[in-house]
Amino acid sequence: MLYWYLPPHMHKARGIMNVLGKLENIASLSGHLDRVWHVSWSPSGKLLTSCSGDKTIRMWGTQWNGGQGAQGIDWTCKAVLQDGHSRTVRRVSWSPCGRLLASVSFDGTTCIWSQKNAEFECITTLEGHENEVKSVCWSPSGSLLATCSRDKSVWIWEVDHEEDDYQCVGVLSVHTQDVKNVCWHPYKEILASCSYDSTIKMFHEEDDDWFCVHTLAGHESTVWGISFDKTGTRLASCSDDKTVKIWQGCHPDCQDGDSFRSTAWKCVCTLSGYHTRTIYDIDWCKQSGLLATCSGDDTIHVFQEDDVESSHQPTFNLMVCVKSAHSEDINSVRWNPDGSGLLASCGDDGIIKVWKYGQC
């Protein structure tokens, strides 16, 4: 089934018929026994990983069934990772090399999984957070790992891949409430976090210590998700206040040292009136520039920026609105990094869905 949407006010405002996008649901994957919290594609885009309240991680891939075209492709569960966590697995993140997978849990731990002999096994368990660990993310070099927790802290771990050793090099306790998410800059060691305290923080290493160098305030409630664009000059955020905000920073070539510290990040665009409940996740496609959001209103939205000369005051069109994309709250959306236009989603209904984006 295809879904497309263009709000009537866009026709009036622009006086022309915009090109519409469409989403086709090409696969619905079941197997988890509880809500699915997060989905993550491997760097190659060939594997899709999901994690759940059933304490397991599942890996999904495709196989040819002998048919023609899309009908000849089946999505199957390739592996189930269990016995790593004793409570809900909240989030998973692939290392840039694609050899390692990090998972975090309400049990307060982070597990590092390594692929050996075509199977994944837990090689390290990181401890230290006092409460549920909510998010995990690898730095673009793979030499650092960031985690965040309900204990209001962000931890940064230094990775020695030869020894499979992980050392905590920073405990950042600058948020005043539960930290929901962490996200690295696409190619620099700059970290962003967002929190129940309605703010976004940015961290940078200076003289072997990590410091908060920017606080982005503007949301009126919990900030659930953050995502950098491909240049790292913009950050998108989504919130319990039902809005998406686009934050503009400095040029990517200036995001080190004094230039990065002195340049303020400003909100240059707010998208509101689209979702009717909390927006739980957001993902900025590094290939197409499309922005996907998901919500407690069971919908998925895809936005595209206008092709205009001034990037300091961007405007975004709603290209697709998929109503009842899941039967319950949608917790995560992620674009496939291979540029194929595939979008994965998951929700409280325990289902993972794969969508294909295209233009009408």
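Residues numbered from 1 in each chain as written. Predicted model: local features only at pLDDT ≥ 70, side-chain atom pairs only at ≥ 80, totals over all residues. Heavy atoms only, no water.

A word on the overall build of the protein chain
So, step 1. Looking only at helices and strands, the protein chain has 2 helices and 29 strands in total.
So, step 2. Here the protein chain, with 360 residues, has 57% of them falling under the buried criterion.
So, step 3. The contacts of the protein chain with a sequence gap of at least 6 include a subset with a gap of at least 24, amounting to 50%.
So, step 4. Carbon together with sulfur atoms contributes 44% to the accessible area of the protein chain, which is approximately 15300 Å² in total. (Helix = DSSP H or I, 4+ residues; strand = E, 2+ residues; numbered from the N terminus. Buried < 20%, exposed > 50% of the residue type's maximum accessible area, 1.4 Å probe, protein only. Contact = heavy atoms within 4.5 Å. Areas by Shrake-Rupley, 256 points an atom, 1.4 Å probe, with all protein chains shown as cover.)

Quick notes on the pattern of salt bridges
So, step 1. Within the structure shown, the criterion is met by 7 salt bridges.
So, step 2. A salt bridge links R35 to D348; the shortest N-O distance between them is 3.8 Å. You can see R35 sitting in the loop between β2 (21-29) and β3 (36-41) and its partner D348 sitting in the loop between β28 (342-347) and β29 (352-359), a full 313 residues away along the chain.
So, step 3. Residue K180 is joined to D178 by a salt bridge in which the shortest nitrogen-to-oxygen separation is 3.1 Å. (Salt bridge = Lys/Arg side-chain N within 4 Å of Asp/Glu carboxyl O.)

Notes on the pairing of β28
So, step 1. Counting buried positions along β28 yields 6 of 6 residues, so the element is predominantly enclosed.
So, step 2. Bridge count for strand β27 (residues 330-335) against β28 is 5 bridges, and the pairing is antiparallel. Its bridge partner being in β28, V333 is matched across the sheet by S345.
So, step 3. The antiparallel hairpin formed by β27 and β28 contains 6 residues in its connecting segment, where G339 sits at a positive phi of about 80°.
So, step 4. Note: β28 against β29, 5 bridges, orientation antiparallel. What sits directly across from A344, in β29, is V354.
So, step 5. Between the antiparallel neighbours β28 and β29 lie 4 residues, among them G350 with a positive phi of about 80°. (Pairing = 2+ DSSP bridges.)

As for the UniProt feature "repeat: WD" (unreviewed entry) in the protein chain
So, step 1. UniProt's entry tags residues 29-60, 82-114, 126-167, 172-203, 216-248 and 323-360 with the feature "repeat: WD" (unreviewed entry), counted in the numbering of this structure.
So, step 2. Helix and strand shares over residues 82-114 are 0% and 52% respectively, and the end C-alpha atoms of the span are 13 Å apart.
So, step 3. End-to-end, the C-alpha atoms of residues 323-360 are 18 Å apart, and along that stretch the chain is 0% helix and 53% strand. (UniProt positions renumbered as here; feature names shortened; annotations may be inferred.)

Observations regarding the sheet that holds strand β21 (residues 244-248)
So, step 1. The sheet built from 4 strands is open, its strands ordered β19-β20-β21-β22 with antiparallel pairing. Pairing within the sheet leaves two strands with one partner each, and these edge strands are β19 (223-228) and β22 (266-271). Looking at each pair of strands side by side, their axes are set apart by 25° on average, direction ignored.
So, step 2. Strand direction decides the pairing type here: strand β20 (residues 234-239) and β21, joined by 5 bridges, are antiparallel. Note that in β21 the partner of S237 across the bridge is K245. (Axes fitted to C-alpha atoms, helices over the stretch in contact; angles between N-to-C directions.)

What about the pairing of β21?
So, step 1. Of all the 5 residues making up β21, 5 are buried; the element is thus mostly covered by neighbouring parts of the structure.
So, step 2. Of the two faces of β21, the one carrying V244, I246 and Q248 and the one carrying K245 and W247 are both buried.
So, step 3. Connecting β20 to the antiparallel partner β21 that follows it, the hairpin turn spans 4 residues, and K242 within it adopts a positive phi of roughly 75°.

Points about empty space enclosed by the protein
Over the atoms a probe the size of a water molecule is rolled, and this reveals where empty space is left.
So, step 1. In total, this model carries 1 cavity of 30 Å³ or more according to the counting rule given.
So, step 2. Lining the largest cavity, in full, are K242, V244, L271, S272, G273, Y274, H275, I279 and F303.
So, step 3. Here the residues of the lining of the largest cavity sort into 5 nonpolar, 3 polar and 1 charged. (1 Å grid on protein atoms, 1.4 Å probe; cavity = no way out; pocket = protein on both sides within 12 Å on 5 of 7 lines; lining within 4 Å. Points joined across faces, edges and corners; volume = space filled by probe spheres on them. Nonpolar A, V, L, I, M, F, W, Y, C, P; charged D, E, K, R; others polar.)

Quick notes on the layout of surface pockets
So, step 1. In this model, the largest pocket occupies a volume close to 830 Å³.
So, step 2. Lining the largest pocket are 36 residues, with S93, W94, C137, K286 and R334 sitting closest to its centre.
So, step 3. Put simply, the parts of the chain that give the lining of the largest pocket at least two residues each are β3, β7 (89-94), β11 (133-138), β15 (179-184), β19, β23 (279-284) and β27.
So, step 4. Its residues placed into classes, the lining of the largest pocket shows 20 nonpolar, 12 polar and 4 charged.
So, step 5. In this structure, the second largest pocket occupies an estimated 270 Å³ of space.
So, step 6. Along its surface, the second largest pocket is lined by 15 residues, and D229, K230, R234, G289 and E305 are the ones closest to its centre.
So, step 7. Here the residues of the lining of the second largest pocket sort into 3 nonpolar, 8 polar and 4 charged.

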